[in-house]
Amino acid sequence: MAQASGELLVFSDDDVVVDPNWLVTLYNISKLYPQANVFGGKIIVDMSLLPRWLKNAPRMHGLLTSKHNKGDSIKTYGENDYPFGPNMSVRKKLLDAKKAIWPEDVGPGTDIPLGDERLFLYAVSSPKNNDRIYVPEAIVYHSLELDQISFSGALIRHFQMGKSDADIMQKMKERNMVYPSNFLFLVKKMLTSNNVAEIICIFARLLGHQYRF
């Protein structure tokens, strides 16, 4: 990223197919909204592959499938709301100004397998900033990892995410960054859910969070 010379740094995954207009759409939006620094697009997955229990738990789709669909109109992301790694871009000048780099001590291949994109995005755009734009026409199609959408796989991923929540909170404290705790939010989410599978998975995430402490 330090060597990139373009105006936008564009991120995706190795298991997506991009829409033919993906890059030009992100570029045009970046020109149309000069005050914005972070852009996220729609991530489409094949919902027919989901097991019934997961189809009925839409609040779990982001973590387990990377589905990201906030509608068909351009809008500003709300507080503590961010794009997903398979489809996002950041202005290069923001990284130059804040000396922000991708956290190599978090993510796949490390002791904290999840959360690297969150830690990166928190560094370039604080949770309360209104400089993040959702771009529905910037589309990628994401493949599903079948082991993650099984119930056992979902439990493991939620437990890992809970550990990641705690680790990232600690890392952000060390870097004097503001980090919104997910613990109370998850408790509320669990108490308001009427889906048994979702309640169990959220409980696994809370256990992962407490395991780290």
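Residues numbered from 1 in each chain as written. Predicted model: local features only at pLDDT ≥ 70, side-chain atom pairs only at ≥ 80, totals over all residues. Heavy atoms only, no water.

Structural notes on the overall build of the protein chain
Helix and strand counts for the protein chain stand at eight helices and six strands. Ordered by position from N to C terminus, the α and β elements of the protein chain give β-β-α-β-α-α-β-β-α-α-β-α-α-α. For 213 residues, the compact-globule estimate of 2.2 N^0.38 gives 17 Å, and the C-alpha radius of gyration of the protein chain, at 17 Å, lies within 12% of that figure. In the protein chain, which comprises 213 residues, the share counted as buried stands at 48%. Long-range pairs, those at least 24 residues apart, make up 76% of the contacts in the protein chain between residues at least 6 apart in sequence. For the protein chain, the exposed area adds up to about 11200 Å²; of that, 54% sits on carbon and sulfur atoms. (Helix = DSSP H or I, 4+ residues; strand = E, 2+ residues; numbered from the N terminus. Rg over C-alpha atoms; globule rule 2.2 N^0.38 Å. Buried < 20%, exposed > 50% of the residue type's maximum accessible area, 1.4 Å probe, protein only. Contact = heavy atoms within 4.5 Å. Areas by Shrake-Rupley, 256 points an atom, 1.4 Å probe, with all protein chains shown as cover.)

A short note on the pattern of salt bridges
Here the structure, examined in full by the defined rule, presents six salt bridges. We note a salt bridge from Lys31 to Glu7, for which the minimum N-O separation is 3.0 Å. In this pair, Lys31 sits in helix H1 (residues 22-32) while Glu7 sits in the segment before strand E1 (8-12), placing the two residues 24 residues apart along the sequence. Taking the relative accessible area as the measure of exposure, Lys31 reaches 45% and is therefore partly exposed. Each of Arg118, Asp165 and Arg205 takes part in salt bridges that share partners, so that together they form one network. (Salt bridge = Lys/Arg side-chain N within 4 Å of Asp/Glu carboxyl O.)

Some points on the packing of aromatic side chains
All chains considered together, the criterion is met by six aromatic pairs. Ring centres of Phe11 and Phe120 lie 5.5 Å apart, and the angle between their planes is 55°; on these two criteria the pair is classed as tilted. On the criterion of sequence distance, the pair formed by Phe11 in strand E1 and Phe120 in helix H5 (residues 116-124) is long-range, its members being 109 residues apart. Each ring, one from Tyr82 and one from Tyr122, has its centre 5.0 Å from the other, and the planes form 85°; the classification is edge-to-face. (Phe/Tyr/Trp six-rings, centres within 6.5 Å; stacked < 30°, edge-to-face > 60°.)

Describing a negative patch on the surface
Taken together, the side chains of Asp13, Asp14, Glu145 and Asp147 define an acidic patch exposed on the protein surface. As for its position among the elements, Asp13 is in the loop between E1 and strand E2 (16-18). (Patch = residues over 30% accessible without salt bridge, like charges linked within 9 Å, V, L, I, M, F, W, Y side chains within 5 Å. Lys, Arg positive; Asp, Glu negative; His and termini not counted. Charge placed at Lys NZ, Arg CZ, Asp CG, Glu CD.)

Here's the deal with unusual backbone geometry
Its identity as a non-glycine residue notwithstanding, Ser66 has a phi of 70°, on the positive side. Relative to the helices and strands, Ser66 resides in the loop between helix H3 (61-65) and strand E4 (75-76). Note on Ser66: relative accessible area 15%, which makes it buried. Positive phi, normally seen in glycine, also occurs at Asn80, with a value near 60°. Structurally, Asn80 is set in the loop between E4 and strand E5 (87-91).

What to know about the pairing of strand E3 (residues 38-44)
Consecutive side chains along a regular strand alternate between the two faces of the sheet. In terms of burial, E3 is a largely internal element, six of the seven residues being buried. In this structure, E3 lies alongside E5, joined through three bridges in antiparallel fashion. In the sheet register, Gly40 faces E5, and the bridge partner there is Met88. Across seven bridges, E3 lies against strand E6 (residues 132-142) in parallel orientation. (Pairing = 2+ DSSP bridges.)

Thoughts on the side chain of Asp19
When you line up the elements, Asp19 lands in the loop between E2 and H1. Buried and unpaired, Asp19 has no salt bridge, with Lys42 as the nearest side chain of opposite charge at 10 Å. A polar side-chain atom of Asp19 sits 2.9 Å from the main-chain amide nitrogen of Asn21. Among all residues touching Asp19, those that are not within four sequence positions of it are Ile139 and Tyr141. (Polar contact = N/O pair within 3.5 Å; in protein donor to acceptor, adjacent residues only side chain to side chain.)

Some details on the nonpolar core
Phe11, Val90, Leu95, Phe120, Leu121 and Val124 are the most contacted members of the largest nonpolar core, which has 17 residues in total. Mapped by element, the contributors of at least two residues to this core are E1, E5, helix H4 (92-98), H5 and helix H6 (151-174). Not counting residues within four places of it along the chain, the set of residues in contact with Phe11 comprises Met1, Trp22, Gly85, Pro86, Asn87, Met88, Ser89, Val90, Trp102 and Phe120. In this structure, Leu26, Val135, Ala138 and Val140 belong to the second largest nonpolar core, which totals twelve residues. (Core = buried A, V, L, I, M, F, W, Y, C linked by side-chain atoms within 4.5 Å.)

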